[in-house]
Amino acid sequence: MKIVTLGEIMIRLQPYDHLRFVQTDTLQYTYGGGEANVAVSLANYGADVAFVTKLPAHAIGQAGVNALRRYGVDTSKITRGGDRVGIYFNEKGASQRGSVCIYDRAHSAIQEASTADFDWDSIFEGVDWFHFTGITPALGPNVVDICREACKAAKAKGVKILVFPELTLTGCSCFDLIAHRVILDGAKAALAKVIAATDGTDMLVFVGLPYAAGSRIYSCAAAICDGELLGLVPRENVDGSHFQSYDDDEALDVTVGEYDSFLSSDVLFEHASMPDLKVAVELGADMDAVTSPALRHALSGATVIAQMASFPETVTSTDEAELNLRYESKKLRCGIVMAAPGKGESTTENVYSGLCMVAENGVILASDEKENSLAVSEIDIEHMINLRRAKGGFDVCDYPHYVCPWGGELEDTALTRTYQKHPHLPEKAEDLPTYCERMLDIQVSGLVKRMTYAGLDHCVVGISGGVDSTLTVMICAEAVKRMGLPSTNVVACTLPSAGIVLDCLNCNSNGRGVQEVSGRVATRGVRCHRQGAPVTAIAFP
């Protein structure tokens, strides 16, 4: 496999021996960068990998090229030019003290590069895999093409709701740099290009970016459809972050380039041709809040929740995310589309997996976790509405929301999901015995309680010869056993002859009237776990 990675390689300056910046006058000088690190790792595993970037032609730029060559990375596709190499200062954490990373990358060669600097036909000749990262779109005006390509791929699959992670356009690992004017302006410029790229696309797209209003910075989800910015939805739970919450009941007017819109925490994006398809969004820490915004949105009519996550990868993160989605979608009778940050994020503090999931009413419909992951499925909106009608309590007016229309005419959808053939039985055959035992135990426990309170010691069962009455005999037999009574205390009655009950009990009889029968309680296709127990059968001629 031939691999190409695209990104920025920078000078890394770091104090020795976990010292702090103010404790040393000597810094270790190396090179690093998210995409460059991926290229070196792949080369160490023996992969055929090339790194694409732009570096100055002077000695500092050449040292960066040499640093990659040392590990066997193909540097022949690196363009030379520009004036400077980006720098980042890294202070390694110790014990409870966290690491600190300060970037100085403005006006670097790759930031000021243009598409004309690269011969893409030559670069991609014979290439099997192309890797880039989420922070790249904010580096310069041209690299936002990553989001455009994602929109094109989603459109080709017939996707109607496309969800990216929190802070899509800058990366969620910018930390204190998120308030830097270069990042904020770059994110707005990138958003304007993504909006333009969706022109003519009947798809609701959520991308994340930081948005500054005066001295306040919000982590927002930008809702986009058909070349229009529908609105910005800010994150609500911001403790421990660099962001502020938006608590005003009135929407805030916002402008991104030539696009005018509004910012509000309570927005439902309602499909024009399918009014029951109402989409709301929550970001980052909102997903883990004791009372999450999703609850408020669902009670107000949202049938799909777009979750723009920002959690890192841990050994349990995938299982925890699945548990959360199953629980939330079941409790709220809704669909959930979740996207977490990808592997291209900075690994200074954490590692990210790119987990994507689609859930509906407690079931995970689709899941993907890899480079450039994409989980696609269909959510049954009518089923969600029927569940809510049966449950009650939804579509209340306690939480006013702005309603923003989107979408065009309805289209036929080719299903990629599956529906359970027997919805009231376990999907896995090995789970069926436990399921049946629990089902019988519920009925036996109820019968024992009633007989005990009523002071009864016999059961009289009407036998039809079908499955229902046979199960009833099984339940009665187990009930009297638990009560310490003999099985002869189960009395079975049938009309018009003994033939039906004898067939049902799978035993032989030579006459009519009351007979003592020893056999197993069974019927066609059903086997009782009690064998050799005597059962009293009564038949009327």
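Just so it is clear, the structure is predicted and the values come from calculations on it, not from any experiment. (Residues numbered from 1 in each chain as written. Predicted model: local features only at pLDDT ≥ 70, side-chain atom pairs only at ≥ 80, totals over all residues. Heavy atoms only, no water.)

Colleague: Which residues make up the overall build of the protein, and what values go with them?
Modeller: On a plain count of helices and strands, the protein comes out with 11 helices and 28 strands. The buried share among the 541 residues of the protein stands at 47%. Put simply, of all contacts in the protein between residues at least 6 apart along the chain, 66% involve residues at least 24 apart. Within the structure as shown, the protein displays about 27,000 Å² of accessible surface, and the carbon and sulfur contribution to it stands at 51%. (Helix = DSSP H or I, 4+ residues; strand = E, 2+ residues; numbered from the N terminus. Buried < 20%, exposed > 50% of the residue type's maximum accessible area, 1.4 Å probe, protein only. Contact = heavy atoms within 4.5 Å. Areas by Shrake-Rupley, 256 points an atom, 1.4 Å probe, with all protein chains shown as cover.)

Colleague: Hey, could you go over the packing of helix α9 (residues 432-454) against helix α10 (residues 467-482) for me, with residue numbers and the actual values?
Modeller: α10 packs onto α9 with a crossing angle of 55° between their chain directions and a minimal axis gap of 9 Å. Accordingly, the angle class assigned to the pair α9 and α10 is oblique. Every pair of crossing elements has a handedness; the one defined by α9 and α10 is right-handed. Within the contact between the two elements, α9 uses Leu440, Asp441, Gln443, Val444, Ser445, Leu447 and Val448 and α10 uses Met474, Ile475, Cys476, Glu478, Ala479 and Arg482. (Axes fitted to C-alpha atoms, helices over the stretch in contact; angles between N-to-C directions. Parallel < 35°, antiparallel > 145°, perpendicular 65-115°, else oblique. Left-handed = near helix turned anticlockwise from the far one by under 90°.)

Colleague: Account for the pattern of salt bridges, with residues named and values stated.
Modeller: Evaluated as defined, the whole model comprises 16 salt bridges. The shortest N-O distance in the salt bridge between Arg105 and Glu8 comes to 2.9 Å. On the criterion of sequence distance, the pair formed by Arg105 in the loop between β8 (100-104) and α3 (120-123) and Glu8 in the loop between β1 (2-6) and β2 (10-15) is long-range, its members being 97 residues apart. By relative accessible area, Glu8 is classed as buried at 3%. Across the salt bridge formed by Lys160 and Asp202, the nearest N and O atoms sit 3.3 Å from each other. (Salt bridge = Lys/Arg side-chain N within 4 Å of Asp/Glu carboxyl O.)

Colleague: Which residues make up the sheet that holds strand β19 (residues 335-339), and what values do they have?
Modeller: Strands in a sheet are paired, the pairing made by backbone hydrogen bonds, and the direction either parallel or antiparallel. Read from one edge to the other, the open sheet built from 7 strands follows the order β21-β20-β19-β18-β17-β16-β22, with strand pairing classed as mixed. Looking at which strands have only one partner, the edges of the open sheet turn out to be β21 (363-369) and β22 (402-406). Across this sheet, the average inter-strand angle for adjacent strands is 20°, counted without regard to direction. Both strand β16 (residues 267-271) and β22 contribute to a ladder of 5 bridges, which runs parallel. Within the sheet, the bridge partner assigned to Glu270 lies in β22 and is Pro405. Contacts from helix α7 (residues 317-332) reach β18 (304-308), β19, β20 (355-360) and β21, with the element oriented near 25° to β20. (Pairing = 2+ DSSP bridges.)

Colleague: Quick rundown of a nonpolar patch on the surface? Include the residues and the values.
Modeller: The grouping of Leu425, Leu432, Tyr435 and Met439 at the surface amounts to a nonpolar patch, some 320 Å² of accessible area in total. Along the chain, the position of Leu432 falls in helix α9. (Patch = residues over 30% accessible without salt bridge, like charges linked within 9 Å, V, L, I, M, F, W, Y side chains within 5 Å.)

Colleague: Break down the state of the cysteines for me, citing the residues and quoting the values.
Modeller: The final tally for this structure, using the stated rule, is 0 disulfides. Among the cysteines around Cys172, which has no disulfide bond, Cys174 carries the closest sulfur, lying 8.2 Å off. Judged by relative accessible area, Cys172 falls into the buried class, the value being 16%. Under the relative-accessibility criterion, Cys174 is labelled buried at 4%. (Disulfide = S-S within 2.5 Å.)

Colleague: Explain the sheet that holds strand β3 (residues 27-32) to me, using residue names and the numbers behind them.
Modeller: Read across the sheet, 4 strands follow the order β3-β2-β7-β8 without closing on themselves; strand pairing throughout is mixed. Every interior strand has two partners, whereas the edge strands, β3 and β8, have only one. Going across the sheet, the axis of each strand differs from the next one's by a mean of 25°, ignoring polarity. In this structure, strand β7 (residues 87-91) lies alongside β8, joined through 5 bridges in antiparallel fashion. By the bridge assignment, Ile87 is partnered in β8 with Asp104. Along the sheet, helix α2 (residues 59-69) contacts β2 and β3; its crossing angle with β3, the most-contacted strand, is approximately 65°.

Colleague: Give a detailed account of α10, specifying residues and quantitative values.
Modeller: A rise of 1.5 Å per residue sets the reference length of α10, with its 16 residues, at 22 Å; its end C-alpha atoms lie 23 Å apart and thus fit the reference within 8%. For α10, the full list of buried residues reads Ser469, Thr470, Val473, Met474, Ile475, Cys476, Ala477, Glu478, Ala479 and Val480. In the stretch just after α10, Gly484 is the one whose phi turns positive, near 75°. (Expected span 1.5 Å × (residues − 1).)

Colleague: Break down the pairing of strand β12 (residues 216-225) for me, with residues and values.
Modeller: Most of β12 is tucked away: 9 of the 10 residues are buried. The sheet contact formed by strand β11 (residues 204-213) and β12 spans 9 bridges and is antiparallel. By the bridge assignment, Tyr211 is partnered in β12 with Tyr218. Counted along the chain from β11 to the antiparallel partner β12, the turn is 2 residues long, and its residue Gly214 has a positive phi close to 70°. Summarising the sheet, β12 and strand β13 (residues 228-234) pair through 6 bridges and their orientation is antiparallel. The residue bridging Ala222 from the neighbouring strand is Leu232, located in β13. Connecting the antiparallel pair β12 and β13 is a turn made up of 2 residues, with Asp226 showing a positive phi of about 50°.

These figures capture arrangement, not role.
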